[in-house]
Amino acid sequence: MRYSQYFVPTVKETPSDAEVISHQLMLRAGMIRKLAAGVYNYLPMGLRSIRKVENIVREEMNRAGAIEILMPTVQPAELWQESGRWEFYGKELLRFKDRKEAEFCLGPTHEEVVTDLVRREVKSYRQMPLNLYQIQGKFRDEIRPRFGLMRGREFIMKDAYSFDVDSAAADLSYDKMYQAYRRIFERCGLNFRAVEADTGSIGGTSSHEFMVLAESGEDAIVSCSCCQYAANIEKAEVRPVAPAEHAEPRPLEKVATPEKRTIEEVAAFLHVPHSSMAKCLIFVADGEPVVVLVRGDYELNEIKLKNLLGCTELEMAPDSVVENVTGAPVGFAGPVGLKVRIIADFSVQGMKNFVTGGNEKDIHLKNVNLERDFRVERFADLRNVVPGDACPRCEEGRMEMWRGIEVGHVFKLGTKYSEALKATYLDAEGKERIIFMGCYGIGVSRTVAACIEQNYDGNGIIWPIPIAPFHCIVSALNYKEEAVAQASDAIYEELAAAGVEVILDDRDERPGFKFKDADLIGIPLRIVVGAKNLAEGKVELKHRKSGEVELLSVNEAVAKVRALVVAALK
Ligand code: 9G3
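All figures in this text were calculated on a predicted structure; none of them were measured in a lab.

Calculation criteria
Residues numbered from 1 in each chain as written. Predicted model: local features only at pLDDT ≥ 70, side-chain atom pairs only at ≥ 80, totals over all residues. Heavy atoms only, no water. Helix = DSSP H or I, 4+ residues; strand = E, 2+ residues; numbered from the N terminus. Polar contact = N/O pair within 3.5 Å; in protein donor to acceptor, adjacent residues only side chain to side chain. Contact = heavy atoms within 4.5 Å. Pairing = 2+ DSSP bridges. Axes fitted to C-alpha atoms, helices over the stretch in contact; angles between N-to-C directions. Near = heavy atom within 4 Å. Areas by Shrake-Rupley, 256 points an atom, 1.4 Å probe, with all protein chains shown as cover. Nonpolar A, V, L, I, M, F, W, Y, C, P; charged D, E, K, R; others polar. Buried < 20%, exposed > 50% of the residue type's maximum accessible area, 1.4 Å probe, protein only. Core = buried A, V, L, I, M, F, W, Y, C linked by side-chain atoms within 4.5 Å.

Comments concerning the side chain of asparagine 455
Here is step 1: For asparagine 455, the location among the structural elements is in the loop between α12 (444-454) and β25 (456-457).
Here is step 2: At a separation of 2.8 Å, a polar atom in the side chain of asparagine 455 contacts the main-chain carbonyl oxygen of cysteine 451.
Here is step 3: If sequence neighbours within four positions are ignored, asparagine 455 has contacts with Ile461, Ile462, Pro464 and Lys545.

Notes on the sheet that holds strand β19 (residues 363-368)
Here is step 1: Spatial ordering of the open sheet is given by β13-β19-β18, a layout of three strands whose pairing is antiparallel. The sheet terminates laterally at β13 (253-256) and β18 (354-360), the two strands that pair on one side only. With direction set aside, neighbouring strand axes in the sheet form an average angle of 35°.
Here is step 2: Note that β18 and β19 share four bridges and pair antiparallel. Bridge assignment links threonine 356 to a residue of β19, and that residue is leucine 365.

Some points on the site of the ligand
Here is step 1: Around the ligand, 17 residues are found, and the nearest of them are Trp80, Arg85, Thr109, Glu111 and Arg140.
Here is step 2: Between a nitrogen atom of the ligand and a side-chain N or O atom of threonine 109, the distance comes to 2.8 Å.
Here is step 3: One of the side-chain nitrogen or oxygen atoms of arginine 140 is found 2.9 Å away from an oxygen atom of the ligand.
Here is step 4: About the coverage of the ligand: the protein hides 91% of its 500 Å² of free accessible area.
Here is step 5: For the shell around the ligand, the elements supplying multiple residues, two or more each, are β8 (154-164) and β24 (436-443).
Here is step 6: The residue inventory of the shell around the ligand, partitioned by class, reads ten nonpolar, two polar and five charged.

As for helix α5 (residues 111-121)
Here is step 1: For α5, the tally of buried residues reaches eight of eleven residues, placing the bulk of the element in the interior.
Here is step 2: Taken residue by residue, α5 has Glu111, Glu112, Val113, Val114, Thr115, Asp116, Val118 and Arg119 as its buried positions.

Structural notes on the nonpolar core
Here is step 1: Formed by 64 residues in total, the largest nonpolar core has its most connected members in Met26, Met31, Met45, Phe185, Phe210 and Trp463.
Here is step 2: Looking at this core element by element, the count peaks at seven residues for helix α6 (residues 167-187).
Here is step 3: Ignoring anything within four residues of it in the chain, the contact list for tryptophan 463 reads Met31, Ser49, Val448, Cys451, Ile452, Ala468, Pro469, Ile521, Gly522, Ile523 and Pro524.

Take a look at the structure:
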């Protein structure tokens, strides 16, 4: 490919509306251009990297025995009405009508479509295990699309669905996908963690997320410093530590705390640490008020609370409910004297003589003690993990926290969709049974962006060879000179013949201009052909990642680039 005939609209300045580095660099490197909020054109350099990720995904899915199909992006409302999700999703599901006024949606995911396909075609246990996958554009009408391809409205996803005769077989399919995902992200050259994750709205029994570690990641994950345990903070377990304090319970005491409502205000006013206070949070779970206690220096994890209560709707109680439950304005809630159910995080279990709200305006209580002053219906793991927490799985590990970008998510679905859509099969005895499913997603376009979040410097992108748009760029300095043009063409042809993906920068531009572009678009290897070095039969080989520059003969440079590419694609 000759740069002068290609289409790589690089720009110097950083676009103002791009907040994360991958968005900035994908725009500046001429990889994407916005069409509408969260909707992008993939330009040649961007598309080449996306196709690289797709091909790695395709190879590993095929190796795992999955079979590629392609489902429509337009989906009839009837299927979503059958699964009950037509009503469940709000504006994020883009709906529209066809010329006959029939209702459709633009596919955000394909559980309904693929289950409908399988319920029509799979009738016998002999046809399973079956894993069907596709690589296709999805649309989710995000309320605030941003960060470029990291949170677009239209994006490319690989979504796979497994079908098995029972839960045990479904577990095997899940493990196969889990291992395939590890290989995919390793081959993409990403530093990632597979973490236990909440199943969220999709339901099902368990799930893992694949997180690319990056400070710009929207997710918080924790991993153990010793064992393999790692989890999304939403799901990460806390090891309940034995009650620490052995202090004697002191008499309950009312203290005036005028206008002091928050933990920070009250702790400062009473000169006590946050850890000797108990937060008293009031929620409404499926319409019922519930009081939740957590030690003052920890945060409540609402997903853990929702899973514990097993409720459908969970929200913080509005002020009116707080006043009704506590008899006091917001900011003075405490467990003593309440008539509603109280549950508490394990962190409260060991507390003695602690501070809470007094259920009276401008009043808090000191020396509050469990059992004597109030009863807790049950203790549970309800708080967020914090760095340094003991690992819940091994004896000596400590939890470390990272920011992550979710690039993959695998779910054990159980029979949620096969039941809703009556996808059954006849077993060996001719008995009708429900199919067990799993679903497995990879954000292909997001993976490309996540790779940039992990691989860039002040000059631009630093592509790992496996998903670089090109492996090598030949920068001809002054292509007008016969000798330079001849040598550049020869190197280009030799590399191409050796299977190296090479682009020849033959533009009539100054060296510095070419080097800046080459660094910005992040091609891993660069061969510089200049008259001076050429006169001594030499060219420069520059390694984008290390910045190392080698002066080599033409043959050495070609051989080295070829060897580096072959090694990186092993
Ligand atoms: C919707 C809308 C948004 C959604 C969903 C449905 C996320 C939805 C979860 C999944 C689960 C898995 C198969 C591939 C891997 C992920 N956002 N999810 O179901 F209608 Cl608007 O998509 N699906």
